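Listed here are the chains, written in short residue letters.
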Amino acid sequence: MAEDTLTVTDNRTGREYTLPITDGTIHATDLRQVSAEEGDGGLMSYDPAYLNTASCRSAITFIDGDRGILRYRGYPIEQLAEDATFLETAYLLLEGELPTATQLQAFEDEVRYHTYVHVNVQKFLEGFRYDAHPMGMLLGAVGALSTFYPDAKEIGDAENRHLQRVRLVAKMPTIAAFAFRHSRGLPYVLPRNDLDYIGNFVNMTFEIGGRHEPNPVLQRSLEILLILHADHEQNCSTSAVRSVGSSQVDPFSAVSAGIAALYGPLHGGANEAVLRMLDEIGDTKNIPAFIEQVKAGHGRLMGFGHRVYKSYDPRAKLIKRVADDVFEQTGLNPKLEIALELERIALEDEYFVSRKLYPNVDFYSGLIYQAMGYPTDYFTVLFALGRLPGWISQWEEHLSDPEQKISRPRQIYTGEGERPYVPRARRG
Ligand code: ACO
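The numbers attached to residues start from 1 for each chain and follow its sequence in the written order. Reporting of local features is limited, given that this is a predicted model, to residues whose pLDDT is at least 70; pairs of side-chain atoms are given and counted only at 80 or more, and all residues count toward the totals for whole chains, interfaces and linings. Note: side-chain values were computed over all heavy atoms of the structure, leaving out hydrogens and water.

## A few points about helix α10 (residues 251-263)
The end-to-end C-alpha separation of α10 is 18 Å, in line with the 18 Å expected for 13 residues at 1.5 Å each. Burial of α10 is extensive: 10 of the 13 residues sit out of reach of the surface. Residues of α10 that are buried: Pro251, Phe252, Ala254, Val255, Ser256, Ala257, Gly258, Ile259, Ala261 and Leu262. Structurally, α10 contributes buried residues whose contacts are with α5 (134-148), α6 (158-184), α9 (236-245) and α17 (379-399). Where α10 begins, the side chain of aspartate 250 points an oxygen toward the backbone nitrogen of phenylalanine 252, at a separation of 2.9 Å. Put simply, DSSP H or I for four residues or longer makes a helix, DSSP E for two residues or longer makes a strand, and each gets a number counted from the N terminus. One less than the residue count of a helix, multiplied by 1.5 Å, gives the span that helix is expected to have. Buried means the residue's accessible area, taken with a 1.4 Å probe over protein chains only, is under 20% of the maximum for its type, while exposed means over 50%, and partly exposed covers the values in between. Here, two residues are considered to be in contact whenever any of their heavy atoms come within 4.5 Å of each other. N or O atoms closer than or at 3.5 Å make up a polar contact, with two conditions inside protein: a donor-capable atom paired with an acceptor-capable one, and, for residues adjacent in sequence, both atoms drawn from side chains.

## Quick notes on the site of the ligand
Here, proximity means that at least one heavy atom of the residue falls within 4 Å of the molecule or strand. Arg300, Leu301, Gly303, Phe304 and Arg307 are the nearest of the 19 residues found near the ligand. Leucine 301 is positioned such that a nitrogen or oxygen atom in its backbone is 2.7 Å from a nitrogen atom of the ligand. Between the ligand and the protein, one listed contact pairs an oxygen atom with a backbone N or O atom of glycine 303 at 2.8 Å. Note on areas: Shrake-Rupley, 1.4 Å probe, and residue coverage restricted to the protein chains presented here. In isolation the ligand exposes 920 Å². Once the protein is present, 72% of that is buried. Residue polarity follows a fixed list, in which Ala, Val, Leu, Ile, Met, Phe, Trp, Tyr, Cys and Pro are nonpolar, Asp, Glu, Lys and Arg are charged, and the others, Gly among them, are polar. For the shell around the ligand, the per-class residue count stands at 10 nonpolar, five polar and four charged.

## A short note on the nonpolar core
Among buried residues, those of type Ala, Val, Leu, Ile, Met, Phe, Trp, Tyr and Cys that are joined through side-chain atoms within 4.5 Å constitute a nonpolar core. Counting 108 residues, the largest nonpolar core has Leu138, Phe201, Leu222, Met277, Leu342 and Tyr374 as its most contacted members. When residues of this core are assigned to their parent elements, the largest contribution, 11 residues, is made by α6. Domain borders in the structure are assigned automatically or taken from a domain database. Residue-level mapping places this core at the junction of two domains, with at least three residues from each of domain 2 (75-265 + 376-398) and domain 3 (270-372).

## A word on the sheet that holds strand β5 (residues 75-76)
Across the sheet, three strands lie side by side as β3-β4-β5; this open sheet has antiparallel pairing. Each edge of the open sheet is held by one strand with a lone partner, namely β3 (61-64) and β5. Any two strands between which DSSP finds at least two bridges are classified as paired. Alignment of strand β4 (residues 69-72) against β5, held across two bridges, turns out to be antiparallel. The partner of tyrosine 72 across the bridge, within β5, is tyrosine 75.

## Observations regarding the layout of surface pockets
Here a cavity is any set of points on a 1 Å grid over the protein atoms alone where a 1.4 Å probe fits but cannot get out, and a pocket is any open set with protein on both sides within 12 Å along at least 5 of 7 lines; a residue lines the site when it has an atom within 4 Å of a point. Grid points are joined across faces, edges and corners, and a volume is the space filled by probe spheres set on the points. Empty space within the second largest pocket amounts to approximately 220 Å³. Along the wall of the second largest pocket there are 19 residues; nearest its centre are Leu87, Glu108, Asp196, Tyr197 and Ile198. Looking at the lining of the second largest pocket, the elements with two or more residues in it are α2 (86-95), α3 (101-113), α6 and α7 (197-206). Residue contributions to the lining of the second largest pocket peak at four residues, all from α7. Split by residue class, the lining of the second largest pocket holds nine nonpolar, five polar and five charged.

## Regarding the domain arrangement of the protein
For the protein, the domain assignment lists domain 1 (1-48), domain 2 (75-265 + 376-398) and domain 3 (270-372). Here domain 1 and domain 3 have C-alpha centroids that lie 43 Å from each other.

## Remarks on the state of the cysteines
Simply put, the disulfide is a covalent bond whose two ends are the sulfur atoms of two cysteines. Here, a disulfide means two cysteine sulfur atoms that sit within 2.5 Å of each other. Applying the stated criterion across every chain, the model contains zero disulfides. For cysteine 56, which is in no disulfide, the shortest distance to another cysteine sulfur is to cysteine 236 and amounts to 14 Å. Overall, the relative accessible area of 19% leaves cysteine 56 in the buried class.

In structure tokens:
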């Protein structure tokens, strides 16, 4: 059998190098030995936006982008979406195995115990303007939790890390619900520990005057959406959590970096951007003109395209089924017709077909969230609640990986060479 090595010739020097191949990769640091002259530091690999660079080993999530496969810890996303609860999925991501009934009960109890936030967190949230974007509130408040739990700095202690991870899973829905109430000028509703995780969150968002009639179909649909978002290997926000966490900062600060990354319209903010786009299109008759605009390079078809999925996003397929269940309860979202027609036209258009652009998870999620009663600027908060177990599982994995160090990429310097400082009075 052929050896697992790569032999390269440096044509600058004529020297030949043999580099080991492990797990289908070469180590970028092995390139350092490829040197043209003394002191040049050796060869680097250049990969802006990490198009072809593995930054870690991970046993959490498997994606095959060409075949549209997504698995958490080996379990197909379709099966988890069908049968698992969100906390069961979170446990699976965090611990590596599905919980037994006793383990799940213990985890649920632990989370329930930590759902309250310090009253000063409420005061802190009250300080935001009435029209503050809820993602800005979430990222500020989750970052601020690090000041309430200074023990979270003890990241070398496994038991302590576990406690902070439970605190995050328990408190993020409370903060997210408070942000929702804040934007509507409604009093905050405290956690109810007689309800399950999703039921409690929905109650904290929608309860009025002590009353809320839960709709089990909508609650299960929300739970499925959160499961579909729970992890997605080394995406932008997860890489942010890993990278910031690699400085050994506390997990609240690392997760707030993840929330910041998710906020952007090319990542989690896409679900909000899709709804704004559908509003802008307004009518199916305007779709052809909109598509032409996109093809001419004016804006993007939001909710389309993915760095990894090049055939279809399996989550988008599952979401369409959830949409049917939700719209049966709430009536059709009038924008659905525009979305379906947009998808139909785009999937037949050579521009989108040749670039392998398909609907991603966010193309339909916003329509569902809107039908459930969440405002457009809140959609990404729901994504953040879903993604949290992934962030903290990946954070834990990163810290426990002996191959990892503080994240610190290299650069190709393109600026000026050395030049003397010019006193202010003598500048042009
Ligand atoms: N609409 C129109 N054209 C697009 C789109 C789109 N949504 N996405 C990619 N393209 C085009 C690009 O212009 C480029 O064309 P070119 O080769 O002629 O220059 C080509 O397709 C490749 O696009 P890249 O930007 O190189 O792809 P990349 O992998 O960097 O981007 C991304 C992936 C960010 C998801 C992109 O497809 C996009 O911006 N989509 C819209 C935003 C969105 O829906 N984001 C959510 C992603 S899923 C998630 O985070 C949950």
